[in-house]
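Reading the structure
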Amino acid sequence: MSGVAIEPLGEDALLLRLDRRIDPAVNARVHALARRIEAARWPWVREVVPAYASLAVCLAQDACDDAGGIDATAEALRVLLAGGDDPDDARAAAAPPIEIPVCHAPAFAPDLDAVAAHAGLSTAEVIALHCAGDYRVAMTGFAPGFPYLLGLDPRLAMPRRGTPRTRVPAGSVAIGGAQTGIYPREGPGGWQLIGRTPVTLFDPHRDPPCLLSAGARVRFVAIDEDAFRAASGDRAP
Amino acid sequence: MSIEVLAPGLATLIQDGGRAGLRHLGIGSAGALDPWAFALANLVVGNPPGAPVLEITLSGPTLRFHAPARIVLCGAAVEAEVDGVPVPGHRCVDLPAGSALHIGRCTAGARAYLAVAGGLSVAATLGSASTDLRGGFGGQAGRVLRRGDQLAMCPASIDVAALRIAPWWIEPACDDRPRGAEPLVRVLPGSDTTIPPDALLGPAWQVRPDSSRQGLRLAGPALAREDDSERVSEPVMPGTIQLPADGQPIVLLADAQTHGGYPRIGHAIRADWPLLAQLRPGDRVRFAACTHAQARDALCRQRQRLHRIALALDAKRALA
């Protein structure tokens, strides 16, 4: 894999930058590289943190105590990168998508009309387009378990709200620029809310805690309010 | 075997050494903001290094101990008293059952750590007892303490008839550099450069009141960045110094988010995180450049300092 810049990210992490843009092909290369680094099973690597076009390799702190720990890792990464690109992330591409049910009832979708108006489509068309997408989790960040999804139909892209909401309900499915995502937990947020899922994205007491991890494939499936209520117990609007 | 929260203080949190290895899930590290004072507190009361403690911010709680306990307050200097008797920091205080410990304002520094011999009994969530405020989990229900909370103490076989304050104390400094009014925090180069390249290193920066455990927001002469093109979010870490468009840097701390889109103009070294954690709104701080070798050396020295204190405490216990 050529053209990967390696730089320190503080004392005990390295940043590998493949590019500086949001692009599904670049992001697929990030995840392929993350898998290769993880597969090397270097005992001093604590974790690999993917982003859109870069990833961080975090070292166990004790590894950095030895002089050259971070330099030695950079050298090992250069050798690994010189081994060439993985031909494809075929394994991830072949994995079946995780289905996320979404209810688009008005109480759950305060910005659905605005997204439709912005796109020049009906709300039904917005829902159909959003559910037709084959999404990939580019990275998990912002909040525990928040998936940044690539694969939004460009017609549905819409800028963030001018003033973020102070309270976005847990499970809100939203559009922010060219991306779509799901708020795992109630909190502030500026994306356009077009629906809500009854599934729990992040539960610190569950193993694994996050339903969607970086690299996963995702599809949205529209459900009605009855199905939402049945799936969520009493988490009604 | 519990501690009852009679008054919660400004922002009192259960913290330990934090979580590791979950940033890829968007889960930050959390943990004690001042790792030095945290380690010292556990050391003084004889706890294992990572035992959960209470982190007190600027103004402390009032706690009722329903069982006898040995405690210590490390980090920021705080006004503290037990049923009207002032208790100093950095030394063991034995409390009889029923004692009320009132912790007032921090008079120097911003964060004090209350360790209880035996440790607080807190179930680990994702490998740590630490409170993750952004995720709303860990510690006491993922939030700051509230009046009426009951904190469980691990049983420590200690018998205390009356309040007892140890006649010795621990020297609390995390290094032997002289402490001026403006602490000097050492930084590694970042990914981005400012114009001129050392612009961060010149002035004294003032800590803004909207700082939090997530980041110290600084005020000073606006910094310009060399390359001000739009950024794609990249991983960030505690210690990362971000430069938003307003030119006012933010030093990320233990509750740092996992990814960020701002330029990164430096990285505060671990050995100086204790200094950052103790800055109060309005305090000033300066930055100095350092190398990776110097950062490692500073951290090693800090650990050696802790080991020397541990040896001294062991010797003291052997004599007792």
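Residues numbered from 1 in each chain as written. Chains lettered and ligands numbered in written order. Predicted model: local features only at pLDDT ≥ 70, side-chain atom pairs only at ≥ 80, totals over all residues. Heavy atoms only, no water.

1. Some thoughts on the packing of aromatic side chains
Residues and elements named next belong to chain A. Basically, it comes down to this: When two rings of Phe, Tyr or Trp (its six-membered ring) have centres within 6.5 Å they constitute a pair, described as stacked for plane angles under 30 degrees, edge-to-face for angles over 60, and tilted for the intermediate range. Secondary structure elements follow DSSP: runs of H or I no shorter than four residues count as helices, runs of E no shorter than two count as strands, and numbering proceeds from the N terminus. Buried residues are those whose accessible area, probed at 1.4 Å on protein chains only, stays under 20% of the maximum for their type, while exposed residues exceed 50% and partly exposed ones sit between those limits.
Applying the stated rule across the entire model yields 11 aromatic pairs over all chains. Taken together, a centroid distance of 5.6 Å and an interplanar angle of 10° make the contact between W42 and W44 stacked. Here the aromatic rings of F108 and F228 are separated by 4.3 Å at their centres, their planes lie at 40°, and the arrangement is tilted. A residue pair is termed long-range when its members are at least 10 positions apart, and F108 in the loop between β5 (98–103) and α5 (112–119) and F228 in helix α7 (residues 225–232) qualify at 120 residues. The two residues F108 and F228 agree in class, both being buried. Through a chain of ring-to-ring contacts, the aromatic side chains of Y52, F142, F146, Y148, Y183 and W191 assemble into a single cluster.

2. Looking at the domain arrangement of chain B
All names here are of chain B. What counts here: Each domain's limits were defined by an automated method or a database of domain assignments. Throughout, a contact is declared for two residues whenever any of their heavy atoms are within 4.5 Å. The term buried area denotes the loss of accessible surface (1.4 Å probe radius) that occurs when two parts are joined, taken as the sum for both partners. Any carboxyl oxygen of Asp or Glu within 4 Å of a side-chain nitrogen of Lys or Arg constitutes a salt bridge here. We call two N or O atoms a polar contact when they sit within 3.5 Å, provided that within protein one can donate a hydrogen and the other can accept it, with sequence-adjacent residues counted only if both atoms are side-chain atoms. Residue type decides the class: Asp, Glu, Lys and Arg count as charged, Ala, Val, Leu, Ile, Met, Phe, Trp, Tyr, Cys and Pro as nonpolar, and the leftover types, Gly among them, as polar.
Here chain B is partitioned into domain 1 (2–171) and domain 2 (184–299). Centre-to-centre, using C-alpha coordinates, domain 1 lies 28 Å away from domain 2. Counting residues at the interface gives 26 residues for domain 1, matched by 19 residues for domain 2. Between domain 1 and domain 2 lies a buried interface of about 1,700 Å² when both sides are counted; carbon and sulfur atoms form 52% of it. At the surface where domain 1 touches domain 2, the tally comes to 1 salt bridge. A salt bridge links R213 to E55, with the nearest nitrogen and oxygen atoms 2.8 Å apart. At the surface where domain 1 touches domain 2, the tally comes to 12 residue pairs in polar contact (both at pLDDT 80 or more). At the level of secondary structure, the elements contributing two or more residues to the side of domain 1 that touches domain 2 comprise β2 (13–15), α1 (35–44), β5 (69–82) and β8 (100–116). The biggest single contributor to the side of domain 1 that touches domain 2 is β8, with 6 residues. Grouping the constituent residues of the side of domain 1 that touches domain 2 by class yields 13 nonpolar, 8 polar and 5 charged.

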